[in-house]
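# Structural characterization, general
Chain by chain, the residues run as shown.
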Amino acid sequence: MPEKKIGVFICGCGGNISKTVDVESLGEKVKNIEGVAFVEVTQFTCSKLNLESIKNAIKEKELDGMVVSACSPHMHEILFKNVAEEAGLNPYLVVQVNLREQCSWIHDDKQLGTQKALDLVRAGVLRARELEALESKKVDINKNVLVIGGGIAGITSSLQLAQSGYHVTLLERNPSIGGHMAQLSKTYPTLDCSPCILAPKMADLSIQPNITLLTCSEVVGVEGSPGNFNVKITQKPRGVDTELCLCCGECSEGCPVEVVHEFDEGLYQRKAIYKPFPQAVPPSYVIDFENCTECGACVDACPVAAVNLEDEQKILELDVGVIITATGFELFDSMSLAEYNFEHPDVISAMQMERLFINEAAEGKVLKRLSDGKRVKKIGYLLCVGSRDVNKGVAHCCKVGCTYAIKHSVQLREYFRYMEVWVYYLDIRASTRGCEEFYLRAQDEYKVNFVKSRGAEVVPSENGLVVRAEDVAAGEIFDNEFDMVVLCPALLPAKDSENLAKILKIPLGPDGFIAEKHPKLDPVSTHHVGIFSAGCALGPKDIHECVTDANSAAAKAIEFIGDGMMVMDPIKAFIIPENCTKCGKCVPVCPVSAISIEPEIILDSFACTGCGACIPECDDNALDMHHYKDSQILAEISGILADKEEEKEPVILGFFGDRLSYTAADSTGTARMSYSPEIRIIRVPSAARISIAHIMFAFSKGADGILLSDEEGGELSEVIEKRLEEYGSKMEELGIEKDRLQFMPMLLPTFKVMPKMIDMFVKKIKKIGRVEKENRAKVKDVSK
């Protein structure tokens, strides 16, 4: 077989790489690697001019493979593959080496950075020499869409998709759609009536023939693959037939049970059979079975026999091609911060104030204290309760607290001209269009008092509540007495977000919200193909941003579905039938049940997610994986470890699962967090793809420590940990300490601990020292 001609394109990234990596020197050294036929060093390889240069080089030099040494493959790999394909080179013959996020951005020493870059590029070249041309194929996909979450984002996405001709199932865990926006009185900065904006959209959704609405429902399982998901749903009993219910209210009037109304934030009572709120969709009553005594009064009162006390939970299954998560947010529990005295009846949340606006002020009533019914003449707002404070709450800004506090201030001054309003803030953040002007109006026209303060606390007094805080401008601590205090709490991920993320196999960000694929270039895509996200599921946002997200997510879903055909990635496991003995060891390991052995051995490439976990289970070499064949992984190991046996310092290899751990390593680089330069990370579909043969080969070639990393608590982590016990025993037999092999479980929200974990492992390996030559020789014999 003729030697492949590999082209290497090295990027300086405008100093992002060249500041820590001597790219010119690197280019000269790369020319000496066997198989390299062409090397080009530029500052911006992704620019249009340099992309044309790559195309020309592929054609003129008749290149058989291509290595782009630049940023993370998660950034521009598709771009470079497309360029290669346009020039006539199979896109699966392209390797992208990560010199930025996992090299230059995490190291300061230019000499060490350049050496590490050389190792990584050499590994890329050797891998490129082993790669094979692959062909993707088109498969039919389901054109239906599941939207999870019925707030403004979920409603908007559903309507856009339905109006574009796609069938949507909108799933909401509560009895009605509407989300938090349904609880609001007005919206900023225009002071439009929130229900007046939202209700028509809810009504449109209820009569849209392309939308199926499932309330009181939650996702409990997802199987299948992008374009063909099978979703399992539990639907709690509603107790009232939505088609028959007349919303006459007779059932509720006869109900003897009263409980606090969660929609009204606990300020008012409701019955055990109730309508969630006046504009609710479905426009139907619902039974709260947790509090219902089943006395039957509602059954007797209903004139159309719509009430069913024997209604039961249902298990539903749904086939869809795309999933959009729009699960919204929860409010921080202010009760956890004792200094605010939230248990006091006159210390309320901003959302409770929204309900008072709707139920009291808008009805022409005077705003009264909840403790004694006295008129509220002076009110104080405390911002950033639980926000921007890692010790007492969360690090992130709630993003909407400043602007809705300004909105409340204006509303209060319009309703009650006599009222004195004070706002205690850390920083005023009013970046949404029109909000800075709104802030100025609140000061100039409505005479709202704004105090830049820190460390506020609320203390009950004889006449009301005293807010004690530092006035930063005056440089003094002062007391201010109020009739009522309103807390503006942090926004947190929706309840059970973590569980849903595990079901959908999508990572969360460090703040616990869903991690977007790229915050700037692909902000509504998740790290799971075919699953998109919108609104506050991605982080704190205002209504404008939620609607923008929702439209974007719907557009992404339409783009993905296209004409009902999807290009299937060929990077899948495959069977070598003549080697298979049908032992069945691979079957239970597969997380998606893609392998069956009866009546014949079959690997469903459509269901296969390409994790590669099945391959190390096979003792007969009957399984391998396109694009991550054993020969290709071994070549990459050889490239990194070339001439490393005589090194003084230990050499560490990391095999990081692409979807999560490799992404976490990228995030570490983006945050400019440094860690030991001794580690070289190899990107693999999952750490479960790595077998004892790969590990022994690495030790034989000069590795002194091997770190496997993948999702903590994921379907494969148990498999990896079990294998490491077996691998450790085999290593000990050959004189290799089992502590040289370690599993590093990782969650994307905790990526900031990765540098410390890597440094601890490197420190441990340095303490153990390099592998003894005689033991390395034993491993060499075995690995052969």
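Read on for an overview of the structure.

Parameters at a glance
Residues numbered from 1 in each chain as written. Predicted model: local features only at pLDDT ≥ 70, side-chain atom pairs only at ≥ 80, totals over all residues. Heavy atoms only, no water. Patch = residues over 30% accessible without salt bridge, like charges linked within 9 Å, V, L, I, M, F, W, Y side chains within 5 Å. Areas by Shrake-Rupley, 256 points an atom, 1.4 Å probe, with all protein chains shown as cover. Salt bridge = Lys/Arg side-chain N within 4 Å of Asp/Glu carboxyl O. Helix = DSSP H or I, 4+ residues; strand = E, 2+ residues; numbered from the N terminus. Pairing = 2+ DSSP bridges. Axes fitted to C-alpha atoms, helices over the stretch in contact; angles between N-to-C directions. Buried < 20%, exposed > 50% of the residue type's maximum accessible area, 1.4 Å probe, protein only. Expected span 1.5 Å × (residues − 1). Arc of directions from axis to C-beta. Contact = heavy atoms within 4.5 Å. Polar contact = N/O pair within 3.5 Å; in protein donor to acceptor, adjacent residues only side chain to side chain. Lys, Arg positive; Asp, Glu negative; His and termini not counted. Charge placed at Lys NZ, Arg CZ, Asp CG, Glu CD. Core = buried A, V, L, I, M, F, W, Y, C linked by side-chain atoms within 4.5 Å. Parallel < 35°, antiparallel > 145°, perpendicular 65-115°, else oblique. Left-handed = near helix turned anticlockwise from the far one by under 90°. Nonpolar A, V, L, I, M, F, W, Y, C, P; charged D, E, K, R; others polar.

All right, on to a nonpolar patch on the surface then. On the surface, a nonpolar cluster with roughly 240 Å² of combined accessible area is contributed by Leu244, Leu246 and Val304. Structurally, leucine 244 is set in the loop between β12 (228-235) and α8 (250-254).

Turning to the sheet that holds strand β18 (residues 322-325), a few remarks are in order. Strand order in the open sheet formed by five strands is β10-β7-β6-β18-β28, with parallel pairing between adjacent strands. In this open sheet, the two edge strands, each paired with only one partner strand, are β10 (211-214) and β28 (531-533). Between one strand axis and the next, the sheet turns through 20 degrees on average, direction left out of account. Of the strand pairs in this sheet, strand β6 (residues 145-148) and β18 are connected by four bridges, and their pairing is parallel. Within β18, the residue paired with leucine 146 across the bridge is isoleucine 323.

What the rule picks out here adds up to 39 salt bridges. Ionic pairing is found between glutamate 3 and arginine 129, a salt bridge with its closest N-O pair at 3.6 Å. In this pair, glutamate 3 is assigned in the segment before β1 (6-11) and arginine 129 in helix α5 (residues 110-130), connecting sequence segments 126 residues apart. Between arginine 100 and glutamate 101 there is a salt bridge, with its nearest N and O atoms 2.8 Å apart. Each member of the pair, arginine 100 together with glutamate 101, is buried. Taken together, the shared-partner salt bridges connect Asp119, Arg122, Lys644 and Arg680 into one network.

Compared with an ideal rise of 1.5 Å per residue, which puts 14 residues at 20 Å, helix α3 (residues 73-86) spans 19 Å between its outermost C-alpha atoms and is within 8% of the ideal. Restricting attention to buried positions, one finds in α3 the residues Pro73, His76, Glu77, Phe80, Lys81, Val83 and Ala84. The buried residues of α3 occupy an angular sector of 160 degrees when the element is viewed end-on, so they sit on one face. Every exposed residue of α3 that faces more than 90 degrees away from the buried side is listed here: Ile78 and Glu86. Among the structural elements, α2 (48-60), β3 (65-70), β4 (94-98), α16 (661-670) and β35 (679-684) are those in contact with the buried residues of α3. Two or three places before histidine 74, at the opening of α3, serine 72 has a side-chain oxygen 3.0 Å from that residue's backbone nitrogen. Just beyond α3, the residue with positive phi is glycine 88, at close to 95 degrees.

Further remarks concern a negative patch on the surface. A contiguous patch of negative charge, built from Glu712, Glu718, Glu721, Glu725 and Glu726, is present on the exposed surface. Owing to a relative accessible area of 61%, glutamate 725 belongs among the exposed residues under this scheme.

All buried positions along helix α13 (residues 497-504) are accounted for by Ser497, Leu500, Ala501, Ile503 and Leu504. Down the axis of α13, the sector holding all buried residues measures 160 degrees, keeping them to one side. Where α13 is buried, its residues contact β6, β11 (217-225), β18, β27 (491-493) and β28. Positive phi shows up at lysine 505, right after α13, with a value of about 60 degrees.

With 103 residues, the main nonpolar core has Val231, Ile323, Met353, Ile379, Tyr381 and Leu383 as its most contacted residues. It is helix α14 (residues 543-561) that provides the largest number of residues to this core, a total of seven residues. Ignoring anything within four residues of it in the chain, the contact list for isoleucine 323 reads Leu146, Ile148, Val222, Phe229, Val231, Leu504, Gly530, Ile531 and Phe532. Ile6, Cys13, Leu63 and Phe743 belong to the second-largest nonpolar core, a separate cluster that totals 100 residues.

A separate point is a positive patch on the surface. Where like charges cluster on the molecular surface, the positive patch consists of Lys365, Lys368, Arg375 and Lys377. With respect to the helices and strands, the residue lysine 377 is situated in the loop between α10 (350-359) and β21 (378-385).

Of note, lysine 780 is situated in helix α20 (residues 773-783). Beyond its immediate chain neighbours, meaning those up to four positions away, lysine 780 contacts Glu645 and Ser700.

With that settled, consider the pairing of β12. Here is the key point about a regular strand: its side chains alternate between the two faces of the sheet. Across eight bridges, the pairing between β11 and β12 is antiparallel. Each bridged residue has a counterpart across the sheet, and for glutamate 223 the counterpart in β12 is asparagine 230. Hairpin connection of β11 to β12: two residues between the antiparallel strands, including glycine 227 at a positive phi of 95 degrees.

What follows is about unusual backbone geometry. Each neighbour pair has its own omega, and for tyrosine 188 with proline 189 the value is -5 degrees, a cis peptide bond. For the bond running from valine 281 to proline 282, omega is 5 degrees, close enough to zero to count as cis. Secondary-structure assignment places proline 282 in the loop between β15 (273-274) and β16 (286-287). The backbone of histidine 627 sits at a positive phi, close to 80 degrees, despite the residue not being glycine.

Turning our eyes to something else, we now look at the packing of α10 against helix α11 (residues 401-415). Between α10 and α11, the shortest axis-to-axis distance is 12 Å and the interhelical angle comes to 30 degrees. When the axes of α10 and α11 are compared, the pair comes out roughly parallel. Viewed along their axes, α10 and α11 form a crossing whose handedness is left-handed. On the side of α10, the interface is formed by Ala350, Met353, Glu354 and Phe357, while α11 contributes Tyr404, Lys407, His408, Gln411, Leu412 and Tyr415. Residues belonging to the contact of α10 with α11 are distributed by class as follows: six nonpolar, two polar and two charged.

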